[in-house]
Amino acid sequence: MEDTSLEPVRKPADACAVSGVYRVVHKKHRAAHTAIVKKGDPFPQCKICGDAVRFHLIKKVTGHARAKRARKRGAGQGN
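The rules behind these values
Residues numbered from 1 in each chain as written. Predicted model: local features only at pLDDT ≥ 70, side-chain atom pairs only at ≥ 80, totals over all residues. Heavy atoms only, no water. Helix = DSSP H or I, 4+ residues; strand = E, 2+ residues; numbered from the N terminus. Buried < 20%, exposed > 50% of the residue type's maximum accessible area, 1.4 Å probe, protein only. Polar contact = N/O pair within 3.5 Å; in protein donor to acceptor, adjacent residues only side chain to side chain. Contact = heavy atoms within 4.5 Å. Phe/Tyr/Trp six-rings, centres within 6.5 Å; stacked < 30°, edge-to-face > 60°.

**Considerations on the side chain of His26**
Here His26 is to be found in the loop between β1 (20-25) and β2 (33-37). The class for His26 is buried, based on a relative accessible area of 10%. Separated by 3.3 Å, the side chains of His26 and His29 make a polar contact. In terms of polar contacts, His26 uses its side chain to reach the side chain of His33, at 2.9 Å. Aside from chain neighbours lying at most four places away, what touches His26 is Ala31, His33, Cys46, Cys49 and Val53.

Written out as structure tokens, the structure reads:
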């Protein structure tokens, strides 16, 4: 597994520097969950806790890995 412990915690409006799966931690209104954020996209605000939400990188995702996953999903569908 990748060591993402040195990656900084991100907050809403920060530009995503690394495409990947992020752990999303809200202030108090819901349990943490995961989200995929693409490089260059801003991290979103939460509709409830606004700027209090934080993003922690769990796993980096490269373009190659995304392409492999997309091909696998589309296999056998006549595409």
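From this point, the narrative continues.
**Comments concerning the packing of aromatic side chains**
Taken as a whole and assessed by the stated rule, the structure comprises 2 aromatic pairs. Their ring planes at 75° and their centres at 5.0 Å tell us that Tyr22 and Phe43 sit as a pair that is edge-to-face. Separated by 21 residues along the polypeptide, Tyr22 in strand β1 and Phe43 in the loop between β2 and β3 (54-60) bring together distant segments of the chain. Residues Phe43 and Phe55 carry aromatic rings whose centres are separated by 4.8 Å and whose planes lie at 40° to one another, so their mutual orientation is tilted. One end of the pair, Phe43, is in the loop between β2 and β3; the other, Phe55, is in strand β3, and 12 residues separate them in sequence. Accessibility expressed as a relative area gives 3% for Phe55, which makes it buried. Ring pairs connect the aromatic residues Tyr22, Phe43 and Phe55, which therefore count as one cluster.

All quantities given are derived from atomic positions and should not be read as evidence of function.
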